[in-house]
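A structural walkthrough
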Amino acid sequence: MSTTEDAPDALDRYHIAILAELQRDARLSNAELAQRIGLSAAPTWRRVKWLEAQGYITGYRAEIDRRRIGLGVLAFVRLDAERSAGAATKPLEDAIRRLPEVIACHYISGTGTFELQVMATDLDAFSRFSIDTLLNLPNVKDIHTRFSLGEVKAGGALPLGHLDARP
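Let us look at the structure shown here. (Residues numbered from 1 in each chain as written. Predicted model: local features only at pLDDT ≥ 70, side-chain atom pairs only at ≥ 80, totals over all residues. Heavy atoms only, no water.)

Each helix and strand in the chain was counted, giving 5 helices and 4 strands. Over its C-alpha trace the chain gives a radius of gyration of 21 Å, far above what one expects of a compact globule, namely 15 Å for 167 residues. Expressed along its principal axes, the backbone C-alpha trace of the chain runs to roughly 55 × 40 × 25 Å. In the chain, which comprises 167 residues, the proportion classed as buried is 35%. (Helix = DSSP H or I, 4+ residues; strand = E, 2+ residues; numbered from the N terminus. Rg over C-alpha atoms; globule rule 2.2 N^0.38 Å. Buried < 20%, exposed > 50% of the residue type's maximum accessible area, 1.4 Å probe, protein only.)

Look at helix α1 (residues 13–24) against helix α3 (residues 41–53): their axes get within 10 Å of each other, and the N-to-C directions meet at 80°. With respect to their mutual orientation, α1 and α3 come out roughly perpendicular. Here Tyr14, His15, Ile18, Leu19 and Leu22 of α1 come into contact with α3, specifically with Thr44, Arg47, Val48, Trp50 and Leu51. Its residues placed into classes, the contact of α1 with α3 shows 7 nonpolar, 2 polar and 1 charged. (Axes fitted to C-alpha atoms, helices over the stretch in contact; angles between N-to-C directions. Parallel < 35°, antiparallel > 145°, perpendicular 65-115°, else oblique. Contact = heavy atoms within 4.5 Å. Nonpolar A, V, L, I, M, F, W, Y, C, P; charged D, E, K, R; others polar.)

Attention now moves to the packing of helix α2 (residues 30–37) against α3. Contact pair α2 / α3: the axes reach a minimum separation of 9 Å and the direction vectors enclose 100°. When the axis of α2 is compared with that of α3, the two are roughly perpendicular. In this structure, α2 contributes Asn30, Leu33, Ala34 and Ile37 to the contact, and α3 contributes Ala41, Thr44, Trp45 and Val48. The class makeup of the residues in the contact of α2 with α3 is 6 nonpolar, 2 polar and no charged.

Our next topic: the packing of aromatic side chains. Throughout the structure, instances matching the rule amount to 3 aromatic pairs. Judged by centre distance (4.7 Å) and plane angle (35°), the ring pair of tyrosine 107 and phenylalanine 114 falls under tilted. With 5.2 Å between their ring centres and 80° between their planes, phenylalanine 126 and phenylalanine 147 make a pair best called edge-to-face. Of this pair, phenylalanine 126 sits in helix α5 (residues 123–132) while phenylalanine 147 sits in strand β4 (residues 140–147), placing them 21 residues apart in sequence. For phenylalanine 147, a relative accessible area of 39% corresponds to the partly exposed category. (Phe/Tyr/Trp six-rings, centres within 6.5 Å; stacked < 30°, edge-to-face > 60°.)

On to the pattern of salt bridges, then. Following the criterion strictly, the structure yields 10 salt bridges and no others. With a closest N to O distance of 3.0 Å, glutamate 151 and arginine 66 form a salt bridge. With glutamate 151 in the segment after β4 and arginine 66 in the loop between α3 and β1 (73–81), the pair connects residues that are 85 residues apart, well separated along the chain. Given the relative accessible area of 36%, glutamate 151 is considered partly exposed. Two residues, aspartate 94 and arginine 97, come together in a salt bridge whose shortest N-O distance is 3.1 Å. You can see aspartate 94 and its partner arginine 97 sitting in helix α4 (residues 86–97), 3 residues apart, about one turn around the helix. (Salt bridge = Lys/Arg side-chain N within 4 Å of Asp/Glu carboxyl O.)

All right, on to α5 then. The set of residues buried in α5 consists of Ala125, Phe126, Phe129 and Ser130. Taken end-on, α5 shows its buried residues confined to a sector of 135°, consistent with a single buried face. The outward face of α5, more than 90 degrees from its buried face, is lined by the exposed residues Leu123, Asp124, Arg128 and Asp132. Where α5 is buried, its residues contact β1, β2 (102–107), β3 (114–120) and β4. By the N-cap criterion, in which a side-chain oxygen at the helix start approaches the backbone nitrogen of a residue two or three places on, α5 is capped by aspartate 122, the distance to aspartate 124 being 3.2 Å. (Arc of directions from axis to C-beta. Polar contact = N/O pair within 3.5 Å; in protein donor to acceptor, adjacent residues only side chain to side chain.)

This is the structure we're talking about:
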């Protein structure tokens, strides 16, 4: 995309402001967003579409209170793979992606291969999921679980302060 006033090739202060405002409230109308960032509606809309097309904005979703829908257990599961070579972990990665109980999964440094965040209705449901599902995934050697005793901060917006330093 060529550089224009409405959609430059790099992030500027308006893009950063759009990202910040949409992280705070993705339900803003384009007119409200435009007012908050100090642009008119048309260039704001074009900038949002550019941010989406360039992959800066990857989606929009509602934040749901897990306890209100009966998900009382949040567990952090370190999963150790038998083998950690790329070809050996691919089937395991694919299987993990298909599990709705796993809300996040990361490769980790140090001991273990993956760190999973797992949601369950209660400890019995988590126990069944661990024994019947996690331990039976391909290439799984062992799992180690820690439970959240309370959330201090969750679902936070990404920090954008480092973007202000861009030329």
